[in-house]
Amino acid sequence: MVKRNTFCKKSVIRALIFALLYLICALLCFLSFPRRTLARSEEYTAVWSDGSVTRESYASAYSALSGAGNGSVLLEREGVCGEIAAGEAFAAFRTVLEEGSLPELLAADPEGLAPIERAALYRTFGNTVFYSADYFAFDGTRVLRTARRTFGELVLLDGDLPAAALRNTGAKKLVLRADARLAAASLAGSAVEECVASPPYRSSGGAVYLDTAGGTRLVAALPLITSLCADGYRFCDQGALAPCTQLCSLQLPFAGSAESASDGRLAWAFGDELPASLKRVKLTGGTVSAFTFAGCGAVEEIDLCGIPAEDIAPAAFARCTSLVRLHTSAEWETDFSRTRLPCGCYLYERSTR
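Participant: So what's going on with the overall build of the chain? Residues and values would help.
Facilitator: Within the chain one finds 7 helices and 22 strands. Out of the 353 residues in the chain, the part that is buried amounts to 40%. Across the chain, every contact between residues at least 6 apart in sequence was considered, and the portion connecting residues at least 24 apart equals 38%. For the chain, the exposed surface amounts to about 18,600 Å²; the carbon and sulfur share of it is 55%.

Participant: Give me the lowdown on the nonpolar core, citing residues and values where you can.
Facilitator: Membership of the largest hydrophobic core comes to 68 residues, with the highest contact counts inside it found for L283, F293 and F317. Once residues lying within four places of it in the same chain are set aside, the contact partners of F293 are L266, V281, L283, V288, I302, L304, A316, F317, R319 and C320. With 30 residues, the next largest nonpolar core counts L105, F125, F138 and L157 among its residues.

Participant: Let's hear about the side chain of T328: which residues, and what values?
Facilitator: Structurally, the position occupied by T328 is in strand β20 (residues 325-328). By relative accessible area, which is 0% here, T328 ends up buried.

Participant: Go over the pattern of salt bridges, please, and point to the residues and values.
Facilitator: Oppositely charged side chains are able to pair whenever their charged atoms sit close together. In the structure shown here, the tally under the stated rule is 13 salt bridges. Linking R55 and E43 is a salt bridge whose minimum nitrogen-to-oxygen distance equals 3.4 Å. Here the residue R55 occupies a position in strand β2 (residues 53-57), and E43 occupies one in strand β1 (residues 43-48), the gap between them amounting to 12 residues. Across the pair R145 and D134 runs a salt bridge, and its minimum N-O distance is 2.8 Å. Taken together, the residues span a long stretch of sequence, with R145 in strand β8 (residues 143-145) and D134 in the loop between β6 (128-131) and β7 (135-138) at a distance of 11 residues. Assessed through its relative accessible area of 22%, D134 is described here as partly exposed. Residues joined in a network through salt bridges with shared partners are E301, R325 and E349.

Participant: Residue-level account of the sheet that holds β7, with values.
Facilitator: Reading across the sheet, the 6 strands line up as β8-β7-β6-β9-β10-β11 and stay open at both edges, with mixed pairing between neighbours. Across the chains shown, the open sheet's two edge strands, defined by having one partner strand only, are β8 and β11 (194-197). For this sheet, the mean angle separating the axes of adjacent strands, direction not counted, is 25°. Strand direction decides the pairing type here: β6 and strand β9 (residues 153-160), joined by 4 bridges, are parallel. Bridging across to β9, T128 finds its partner in E153. Each of β6, β7, β8 and β10 (173-181) is contacted by helix α4 (residues 88-99), which is oriented at about 85° to β10, the strand it contacts most. Against the sheet, helix α6 (residues 115-125) makes contact with β6 and β7, and its axis sits at roughly 140° relative to β7, the strand it touches most.

Participant: Would you mind going over the sheet that holds strand β15 (residues 227-229) in detail, with residue names and values included?
Facilitator: Across the sheet, which stays open at both edges, the 7 strands sit in the order β15-β17-β18-β19-β20-β22-β21 with mixed pairing between neighbours. Looking along the sheet, the strands with just one partner apiece sit at the ends: β15 and β21 (337-340). Taking each pair of neighbouring strands and ignoring which way they run, the sheet shows an average axis angle of 10°.

Participant: Can you break down empty space enclosed by the protein residue by residue, with the values?
Facilitator: Taken as a whole, this structure holds 1 cavity of 30 Å³ or more when the rule is applied. There is about 30 Å³ of room inside the largest cavity. Lining the largest cavity are Y233, C236, L252, F254, A255, G256, R265, L266 and A269. A breakdown of the residues in the lining of the largest cavity according to their chemical character gives 7 nonpolar, 1 polar and 1 charged.

How each quantity is defined
Residues numbered from 1 in each chain as written. Predicted model: local features only at pLDDT ≥ 70, side-chain atom pairs only at ≥ 80, totals over all residues. Heavy atoms only, no water. Helix = DSSP H or I, 4+ residues; strand = E, 2+ residues; numbered from the N terminus. Buried < 20%, exposed > 50% of the residue type's maximum accessible area, 1.4 Å probe, protein only. Contact = heavy atoms within 4.5 Å. Areas by Shrake-Rupley, 256 points an atom, 1.4 Å probe, with all protein chains shown as cover. Core = buried A, V, L, I, M, F, W, Y, C linked by side-chain atoms within 4.5 Å. Salt bridge = Lys/Arg side-chain N within 4 Å of Asp/Glu carboxyl O. Pairing = 2+ DSSP bridges. Axes fitted to C-alpha atoms, helices over the stretch in contact; angles between N-to-C directions. 1 Å grid on protein atoms, 1.4 Å probe; cavity = no way out; pocket = protein on both sides within 12 Å on 5 of 7 lines; lining within 4 Å. Points joined across faces, edges and corners; volume = space filled by probe spheres on them. Nonpolar A, V, L, I, M, F, W, Y, C, P; charged D, E, K, R; others polar.

Have a look at this one:
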């Protein structure tokens, strides 16, 4: 009888131990339940532009999600904008995505981000590819190497960009970081409509410039522009405007590689072949030689106002077979009609008779 009672007590103790272990395991499983599931029960305080304040579940906040602000999750519902205040981890992670180098991007830690904060970051940066000898993207949690190739925005973190990279991604926005090395050929055939650049690069009016110790260079222009007024540079890279196959109107401070070039050709900026779409050209300085407008057979209007007559070669316009209007201080032997302008220049126009 004693042995039987002892056996029963041991059985009960074993059962209690197993039950306790099961409860511990169950509790651990609950505590480690995926954050994505727990997010469904989280609530956030949203402040709206109309003055109202609401409590939002993850689902309701996500349905109104518009992106990631500097320190808040941005919402929009029925035309009313709202914000959910975000923590320090959110602001730090966003700064890395917006400004960080590749090592900083790869090391960015999502710990401390609320589920709605991660969703907001992905809404803002999920269509961005970071390029540094390969393609990297934010997957909603971390920045990782990616096999995906279609993105709306490409960030060139450092080094060169393969000629077909922009074209293959279909990106409409290009971001240049300080350590990037941009060549005009990288823009050829692409859909880029906007360029945002960090020093020493800068972008203005569709042109991309590089500030160097020797002076500013014109390095490229966006491929889809139809009109360009470039200024404020000392040197022009050969082929800088080659991607601009739809250009109709162009204004430059000089033709050729530099203002001091005595035989500068307009074609230098295009890699020797001007687009057939180019009809109007204005030069505000430099020397106009007999070769300046070589290859400009399709150009119809030339404006050289401000360039002294002695800096314009008599045969400068011989190759401009489609020319119908010329604004210049130089006298030109032609059958065009001639009108004196208030600026002191002549306006030559092809007779319509």
